[in-house]
Each structure stands twice: as C-alpha cells, then as structure tokens.
Amino acid sequence: MNETIEHLKNELKNCQDWEKDQSDLWFWDKLGRLPFKLIDRFTPKFIQNKVGVILDELGTYIQSGGRYLSSISAVKNYYPNQQINTLKDVDNLPIASMDEAAAKLSLNRKKVATFQGASTGVGGIFTLTIDIPILLGIQLKTLQDIAICYGFDPTDKNERIFIVKVLQFISSDIVGKKAILQQLTMFESDQNESKREVAAEIQGWREVVFSYRDQIGWKKLFQIIPIAGLLIGAFINRSAVNDIAEAGVMMYRKRAILKRLQLIESE
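Attention here is on the structure that accompanies the text. (Residues numbered from 1 in each chain as written. Predicted model: local features only at pLDDT ≥ 70, side-chain atom pairs only at ≥ 80, totals over all residues. Heavy atoms only, no water.)

**Topic: the packing of aromatic side chains**
To keep it simple, the criterion reads: Aromatic pairing here means that ring centres of Phe, Tyr or Trp (its six-membered ring) are within 6.5 Å. Orientation follows from the plane angle: under 30 degrees is stacked, over 60 is edge-to-face, and everything else is tilted. A run of DSSP states H or I qualifies as a helix once it reaches four residues; a run of E qualifies as a strand once it reaches two. Both are numbered from the N-terminal end. Think of it in three bands: with a 1.4 Å probe and only protein chains considered, a residue is buried below 20% of the maximum accessible area for its type, exposed above 50%, and partly exposed in between. Only Lys NZ and Arg CZ are tested; either one counts as a charge over a ring when it is within 6 Å of the ring centre and within 35 degrees of the ring normal.
This structure, assessed with the given rule, holds three aromatic pairs. Aromatic pair Trp18 and Phe169: ring centres 6.1 Å apart, planes at 40°, arrangement tilted. Here Phe169 lies in helix 8 (residues 157–171) and Trp18 lies in helix 1 (residues 5–21), a separation of 151 residues in the sequence. Look at Trp18 and you get buried, because its relative accessible area is 10%. A relative accessible area of 0% places Phe169 in the buried class. Pairing Phe152 with Tyr252 gives two aromatic rings, centres 5.4 Å apart and planes at 50°, and the pair type is tilted. Note that Phe152 is positioned in the loop between helix 7 (128–149) and helix 8 and Tyr252 in helix 12 (residues 228–266), a separation of 100 residues in sequence. Residue class for Phe152 comes out buried when judged on its relative accessible area of 10%. Overall, the relative accessible area of 1% leaves Tyr252 in the buried class. Among the aromatic residues, ring-to-ring pairing joins Phe152, Phe162 and Tyr252 into one connected group. A cation over a ring is seen here: Arg255 above Phe162, with NZ or CZ 4.5 Å from the ring centre. Geometry around Phe152 places Lys259 over its ring, the cationic atom sitting 5.3 Å from the centre.

**Describing the nonpolar core**
Inclusion rule: Put simply, a nonpolar core is a bunch of buried Ala, Val, Leu, Ile, Met, Phe, Trp, Tyr and Cys residues held in one set by side-chain atoms that sit within 4.5 Å of each other. Note on contacts: a residue pair qualifies if any of its non-hydrogen atoms lie within 4.5 Å across the two residues.
Ranked by size, the top nonpolar core spans 53 residues in total, and within it Tyr79 and Tyr150 carry the most contacts. Sequence-distant contacts of Tyr79, that is, excluding residues within four places in its chain, are made with Ile84, Val90, Leu93, Ser97, Met98, Ala101 and Cys149. Counting five residues, the second-largest nonpolar core is a separate cluster that includes Ala113, Ile138, Ala240 and Val241.

In structure tokens, the structure reads:
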C-alpha cells in the first residue's frame, strides 16, 4: 500500500463532504412527498399489507441474517485478478482497489434491479406483491457485498445493524438523516460500548419499515398498471438500488479510510 496520511485524509474529506451534501436535498425531498401522503391513504390494502411483511423480514435479518445473508467467501469474486481469499487480505489493498470493486458490484446490482423491476412490472397489480420483497433483498445484499468489498464482515450482527441504519438513512428526511449519521459515527470509533448503544437504539427499528413503506408504497402504486408498470418498475427499482449503493459505498469507504489511518498512525 502506497497511501500517505495526507492522501487518506483527503479521501476522508470527500466522504464527509458527501454527508454534508445530503442536507441540500431536504427541501425537494419534502416537497416531493407532500402529495403522496394523500395518495398513501388510497393505496390498495393488499399493497400496504405486503409492505408490512418487511417488518418481519428485517427483524429476522437483524437477528440471524435469514435468507438475505451474503457469504464472505464470495470476497475472491470481487477481486478476480488478485490473491484475495479472506477479509484480512482486503485490509492490505489500497482504498482505490476497494472503490473499483464496489463500483463494479453497484453497477451489476443496478442492472439486476432494472431487469427485475421491469419483469415484475409487466403484470401490474398481479406481480407487484412479488416485487416488493425481492427489491428489499437486492438492497440488503448490495449493502452486504459492499461491506465485503471494504473488508467488513456482514455476518456480524453489528454490521447487520449498521446496514439497516443505512437503509433507514436513505428513507429519512433531513432531520432523520442527521440523527442517523450521528449514530453511524459510533461504528467508526470501533468501540464496543458505542456499538452496544446503537444496538439498543435499533430496538425501535420499526421506524425503518414505516419510512421504507412511505417511500416505496406510493412509488409502487404507479406500478399497478399492466405493461406501463414495466418502465415504471424498472426505473423505481434501479433508482432505489442506485441510492442505497451510493450511500453504502460512501459510508463503508469512510470507515475503511478511518481504519487505515488508525493503522498507519499506530505504526
């Protein structure tokens, strides 16, 4: 690794600038949600019930990973031209190599989400109930695999909590984003006590589901129209995975840089 402290600090600043930029979205974010608060009242009951299933899905994911858990043995697939077999091997890579692997992964998942959204959008209301849990699965697995790209173990319960908080971050307004960023910084200190505080806070993780429902529910409402749902579904799912991948990359990248800085400074 030929990374200097100055270079890493500059890359860290880029991550911090991205976090600050999130506050610039609040006006348009709120403006865009206003009409859909009304639309949500007219959302078909079966759609609301299906989105409600996510409550149980996320609960299982936090506790055991459930059917969404990625395998860390897949790490070698993200670095095909290098001798990378474990997460410890990833720690020896330059941050730029991690970025490249995460970028390729994100592009691949966006393509998958686009195809999946289009295929389930063709049937409109009849295939919509299949689409919602599949989209959640793609988002969770994308974040887990991004974690692997940066050398973090998604099978660890603390990392699963971190991933759900990132999902919540994407679904929140500006006030919520600020609060979640403060919680996520506890992971950066790598102190067990700090992580325990976040683990205790996640007991209120139902708010993740409600915010996720508010954001996904109205979007899916427009997907109930057969055929037209193909384009709408493709766009919505690609956008959803793009947002989650961008946030995941920036937040895990920041943690990897801080981890690298601590290592260099200790040496």
